[in-house]
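Here's the letter readout for the chains.
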Amino acid sequence: MFCIMDYRRDICTFAFMLIVHLSNIPVARLSCPTDCNCQDQTAICNGVSSFPNLTFTSSNFSAFEFSNCHFANGILPMLPRSYMHIATLSFTNCSKAVAPDAFAFLVNLQSLTITKSHSLKFMSPMPFSTLKLLQVLDLSDNELTTLPADLCDNTPLLRIVNISHNQLNKIPLTTFRNCLKSLEQIEMQNNNFSTLSYETLPWVYLHSLNMSSNPWNCDCAMQWVKDVPKVLFNGSRCSSPEGYFGKELFDAENEMRCGLGNKAIALGIGIPVLIVCVLALGYCLYKIIHRNHKSMPSSVKYSSVYGDTVESGYKRSNV
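Here is what the cut-offs are and how they apply
- Residues numbered from 1 in each chain as written.
- Predicted model: local features only at pLDDT ≥ 70, side-chain atom pairs only at ≥ 80, totals over all residues.
- Heavy atoms only, no water.
- Helix = DSSP H or I, 4+ residues; strand = E, 2+ residues; numbered from the N terminus.
- Buried < 20%, exposed > 50% of the residue type's maximum accessible area, 1.4 Å probe, protein only.
- Contact = heavy atoms within 4.5 Å.
- Areas by Shrake-Rupley, 256 points an atom, 1.4 Å probe, with all protein chains shown as cover.
- Salt bridge = Lys/Arg side-chain N within 4 Å of Asp/Glu carboxyl O.
- Core = buried A, V, L, I, M, F, W, Y, C linked by side-chain atoms within 4.5 Å.
- Disulfide = S-S within 2.5 Å.

**Student:** Provide a residue-level description of the overall build of the chain, including the pertinent values.
**Tutor:** Within the chain, the regular secondary structure consists of three helices and 15 strands. Within the chain, the proportion of its 319 residues that are buried is 32%. Expressed as a percentage of contacts within the chain between residues at least 6 apart in sequence, the contacts between residues at least 24 apart total 46%. When the accessible surface of the chain is split by element, carbon and sulfur atoms take 59% of a total near 19,600 Å².

**Student:** Provide a residue-level description of the pattern of salt bridges, including the pertinent values.
**Tutor:** According to the stated counting rule, one finds four salt bridges in the structure shown. The partner of Asp 141 in a salt bridge is Lys 116, with the nearest N and O atoms 2.9 Å apart. Taken together, the residues Asp 141 in the loop between strand E8 (136-138) and strand E9 (160-162) and Lys 116 in the loop between strand E7 (111-115) and E8 connect sequence positions 25 residues apart. A salt bridge links Arg 159 to Glu 184; its shortest N-O distance comes to 3.5 Å. Of this pair, Arg 159 sits in the loop between E8 and E9 while Glu 184 sits in the loop between E9 and strand E10 (185-187); the two residues are 25 residues apart in sequence, bridging distant segments of the chain. Residue Glu 184 is classed as partly exposed on the basis of its relative accessible area, which comes to 28%.

**Student:** Help me get a handle on the side chain of Ser 117, residues and values and all.
**Tutor:** Here Ser 117 lies in the loop between E7 and E8. In this structure Ser 117 comes out as buried when scored by relative accessible area, which is 1%. Residue contacts for Ser 117: discarding those within four places in its chain leaves Asn 93, Cys 94, Ser 95, Asp 141, Asn 142 and Glu 143.

**Student:** Give a description of the nonpolar core that names residues and reports values.
**Tutor:** Judged by nonpolar contacts, the single largest core of 66 residues is most densely connected at Phe 66, Leu 89, Phe 103, Met 188 and Trp 203. For Phe 103, the residues in contact, after removing those within four places along its chain, are Leu 76, Leu 79, Leu 89, Phe 91, Val 98, Leu 112, Ile 114, Pro 127, Thr 130 and Leu 131.

**Student:** I'd like a description of the state of the cysteines, backed by residues and values.
**Tutor:** Enumeration according to the criterion identifies five disulfides in this entry. There is a disulfide in this structure between Cys 36 and Cys 45, and the S-S distance comes to 2.0 Å. Taking the sign of the S-S torsion, about 100 degrees here, the bridge from Cys 36 to Cys 45 comes out right-handed. On the basis of relative accessibility, which here comes to 0%, the residue Cys 45 falls in the buried class. The partner cysteine of Cys 218 in its disulfide is Cys 238, sulfur to sulfur 1.8 Å. Handedness of the Cys 218-Cys 238 disulfide follows from its S-S torsion of about -95 degrees: it is left-handed. Linking Cys 218 in the loop between strand E12 (216-217) and strand E13 (238-240) with Cys 238 in strand E13, this pair joins segments that are 20 residues apart in sequence. Neither Cys 218 nor Cys 238 differs from the other in exposure class; each is buried.

**Student:** So what about unusual backbone geometry? Which residues, and what values?
**Tutor:** Residue Pro 241 follows Ser 240 across a cis peptide bond; omega there is 0 degrees. Mapped onto the elements of the fold, Pro 241 is located in the loop between E13 and helix H2 (249-252). In the Ramachandran plot, Asn 73 falls in the positive-phi region, its phi being about 60 degrees despite a non-glycine side chain. Counting through the fold element by element, Asn 73 comes out in the loop between strand E3 (63-67) and strand E4 (75-76). The exposure class assigned to Asn 73 is exposed, which follows from its relative accessible area of 62%.

Pasting the structure below:
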């Protein structure tokens, strides 16, 4: 009995001593990745030519901001698997192109920024193929001339998109097709947009839209604006046609005269053609009647029901 009690006492004593010993071990602190400065959970890396290796103590940073990068050939390469956990990623003045597999491991990424890359003119849809959780995409202040046609095929949760200050003049109808119900805010100011199809954006679900500083052509193709809340067009002004310059896009809709130019052209061409056709038809009928008149016999003989022969015709009979 006493042996059992002594055994239990020894276990308790050992457990107590172990707790005291562990409490004296210093807890490993987060270490900032090489060539980076860190603030809270954000690592800020400037002028890097490759991505810093993340150790056990530096892998808990949830956000990384890279700027003025010197990647080989100016191409943003694939981030290592150790970056898989990050939620926010930003690149400023870092690349002229993005590798197709750049974000292959970033399955937890929620916010992506690629900005001030003044040689970046094209974005392939491939880098976005694994970003299922992406909610914020900032591609502002680059030189983009087009957007991926199927951007939302792999980013169905996208809520905020910033494509301002680029060289865009159109958005493919399929770009936002699969995230129409999730999109809430779009920044597209300071581009080269002159017209836009109604089917391009989710007007019913948008909370905020900036279309200002674009050379909008306020013609019949933009008349659909009357079906969209006016607040979404604040600051959007017409650049053409003549007489509309400077007018608010939404207000100009009341003065648009759809299709008048085309109708005038159609009438100008159609009426003369119709007149020519009528004259040609009349001439043909005249020729047919005149020909038949000449071929008609001068007199016609026919038999009556009584067997008498009667002569009739245009020639007067001799008495």
